[in-house]
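Read off the chains here:
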Amino acid sequence: MNRILQARNDILVEEVHEIPMDFGKTQAQKDLNQFEENLIELFNSDEEDLIFEQRTREALERVENRGIKGMTESQFLDELDSW
């Protein structure tokens, strides 16, 4: 084992790099928290859902701009597909 010796205040001191007793547990918790954040971000930023939502809003706006009162579900879905 290699020892690192340094002079501090004219005294030769062995430098020891100690790992805290709970290092593994702490690191595992950090990894779990990061994993959870990544899952939440992935779930919330689903690009297909955002595109669908945008298309739906645009279709609703087009339907409202036509001034047609009352539209069946199939007519709205046709409008959504036509975009």
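Fair warning: this is a prediction, and the values are worked out from it, not measured in the lab.

Asker: Mind showing me how you'd approach the overall build of the chain here?
Answerer: Secondary structure summary: the chain contains three helices and two strands in total. Starting at the N terminus, the α and β elements of the chain follow one another as β-β-α-α-α. Within the chain, buried positions represent 7% of all 83 residues. Partitioning the contacts of the chain with sequence separation of at least 6, the portion at a separation of at least 24 is 20%. Accessible surface, the chain: about 8100 Å² in total, of which carbon and sulfur atoms supply 53%.

Asker: Just checking my understanding: could you explain helix H2 (residues 47-66) for this structure?
Answerer: Along an α-helix, residues three or four positions apart point the same way, because every turn accommodates 3.6 residues. Its 20 residues give H2 an end-to-end C-alpha distance of 29 Å, which sits within 8% of 28 Å, the value for a rise of 1.5 Å per residue. Residues of H2 that are buried include every one of Thr-56, Ala-59 and Val-63, and no others. All buried residues of H2 fall inside an arc of 65° around its axis, so they share one side. Facing away from the buried side of H2 by more than 90 degrees, the exposed set consists of Glu-47, Arg-57, Glu-64 and Asn-65. The secondary structure elements touched by the buried residues of H2 are helix H3 (73-82). Gly-67 sits one or two residues past H2 and shows a positive phi near 80°.

How each quantity is defined
Residues numbered from 1 in each chain as written. Predicted model: local features only at pLDDT ≥ 70, side-chain atom pairs only at ≥ 80, totals over all residues. Heavy atoms only, no water. Helix = DSSP H or I, 4+ residues; strand = E, 2+ residues; numbered from the N terminus. Buried < 20%, exposed > 50% of the residue type's maximum accessible area, 1.4 Å probe, protein only. Contact = heavy atoms within 4.5 Å. Areas by Shrake-Rupley, 256 points an atom, 1.4 Å probe, with all protein chains shown as cover. Expected span 1.5 Å × (residues − 1). Arc of directions from axis to C-beta.

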